[in-house]
Amino acid sequence: MRYLNYARYLVSKYRANPVYLVHFLTNNCNANCPHCLRTGLPDLQGKELSYDEIIKFTQQLENSIYSATLTGGEALLRKDIGDIVTAYLQNTNIKTLQILSNGSLPEKAAVVAKRVAPKFPNKKISFELSLDGIGSDHDSHRGISGLFEKVVETYWTVKSLAKQFPNLNAGLNLTMSAANQDTILDVYKYAVKELKADLLTITLIRGDVLDQRLKILNFKNYEELCRVVEKELKTADTARKGKQNLFSLLITAQDIITRRRIIKTIQKQAQIGPCYAGVLSGVVFSNGDVGPCELLDKKIGNLRNHDYNMASMWKSDKAISIRKEIKETRCYCTYECSMLCNVLFNPNYLPLLLKKTMDLWLSQRLLKPGLE
């Protein structure tokens, strides 16, 4: 029933606080991915929000936040990552927390998972690991020799811990670019068949990446991948049905609709429906800057200049101005994190969202009795 608290945003978003937040904890990274938005950014280690500052920030986050994603750079490179994860889970009302990682630090992931999962049994915690290829292909995509083996090790390490802690999960994120568009289906099949992935997301390359050539791809390949994924969700030989209750299926349905919306955005080169970035979703950068999303070069302000109170920043004249500009200019992108709120809280999508959720529930109920 707690999910219904957010249903009011289907009716009105007036003076809404963010429901979903992405926090870039650091720009530092041990990989060198040519498709990464953060590649080539300055080292902000001396300017990153400290743990004490993140404590102040999380203590003032209002209860509207349902989910947060901690990323980088490589989030696990922060020595205080365990403390930061604890701060989010302890000081806010979030129900789900995602930690994005390149999977290069299995021991660090295990330490953090063992620390936070048993302490917050009612909050869902997932480590989402990047996987762009198989074997040396993945290593070349990410610029680290031996990284593929580390990703697999990290994945199974967290997966094994999830047997002890039901609120813990390991997921995989496949980023599609020109470099792997011809092999991405094989990567997907490997993730499902060999790694038994029950949490798997697909990201399309976007933004001002280091190697712009990687954005020149055949979008028919993306359409085919989306078609395969949607078909696979209704088959009996998939492991992705293991932990899906009705709310999880709602999010899966949202993923399907989001990918369709991305395809339409690419085809029309235009905004498809309203964007709620800066309304229901937002981004905190490693130096404390707050923005509506990671792609727009628009900053609402810096937490350090606002006593770490994001709620007051969200209602500021600057925030209102940026929201107005997004609405009037109808900027468009394929940013999946913003798309999540754009689909879930758009009343026009509600009938399709409910239909897709029930289709998934019925097909999986028939194929796998005992689903919650």
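In case you missed it, the structure is sitting above this.
Report on the accompanying structure. (Residues numbered from 1 in each chain as written. Predicted model: local features only at pLDDT ≥ 70, side-chain atom pairs only at ≥ 80, totals over all residues. Heavy atoms only, no water.)

### Digging into the packing of aromatic side chains
So the rule is basically this: Each pair of aromatic rings taken from Phe, Tyr and Trp, with Trp reduced to its six-membered ring, is defined by centres within 6.5 Å and is described as stacked if the planes are under 30 degrees apart, edge-to-face if over 60, and tilted in the remaining cases. Going along the chain from the N terminus, every DSSP run of H or I of four or more residues is numbered as a helix, and every run of E of two or more is numbered as a strand. Under the scheme applied here, a residue whose accessible area is under 20% of the maximum for its type counts as buried, over 50% as exposed, and between as partly exposed, the area being computed with a 1.4 Å probe on protein chains only. Lysine NZ or arginine CZ positioned within 6 Å of the ring centre and within 35 degrees of the ring normal marks a charge as sitting over the ring.
Within the structure shown, the criterion is met by 6 aromatic pairs. Note on F57 and Y88: the rings are 6.4 Å apart at their centroids and 75° apart in plane angle, and the pair reads as edge-to-face. You can see F57 sitting in helix 1 (residues 51-59) and its partner Y88 sitting in helix 2 (residues 81-91), a full 31 residues away along the chain. The class for Y88 is buried, based on a relative accessible area of 0%. Taking the centre distance of 5.9 Å and the plane angle of 45° together, the rings of F148 and Y190 count as tilted. Of this pair, F148 sits in helix 5 (residues 147-162) while Y190 sits in helix 6 (residues 184-193); the two residues are 42 residues apart in sequence, bridging distant segments of the chain. The exposure class of F148 is buried, given its relative accessible area of 12%. The positively charged end of R8 is found above the aromatic ring belonging to Y9, 4.6 Å away from the centroid. Residue placement shows K299 over the ring face of F285; its charged tip is 4.8 Å from the ring centre.

### Points about unusual backbone geometry
With omega at 25°, the peptide bond leading from G72 into G73 counts as cis. By the secondary structure assignment, G73 is in the loop between strand 2 (67-71) and helix 2. In this model, K196 sits at a positive phi of 55°, which is unusual for a non-glycine residue. Take K196: its relative accessible area is 44%, and that puts it in the partly exposed class.

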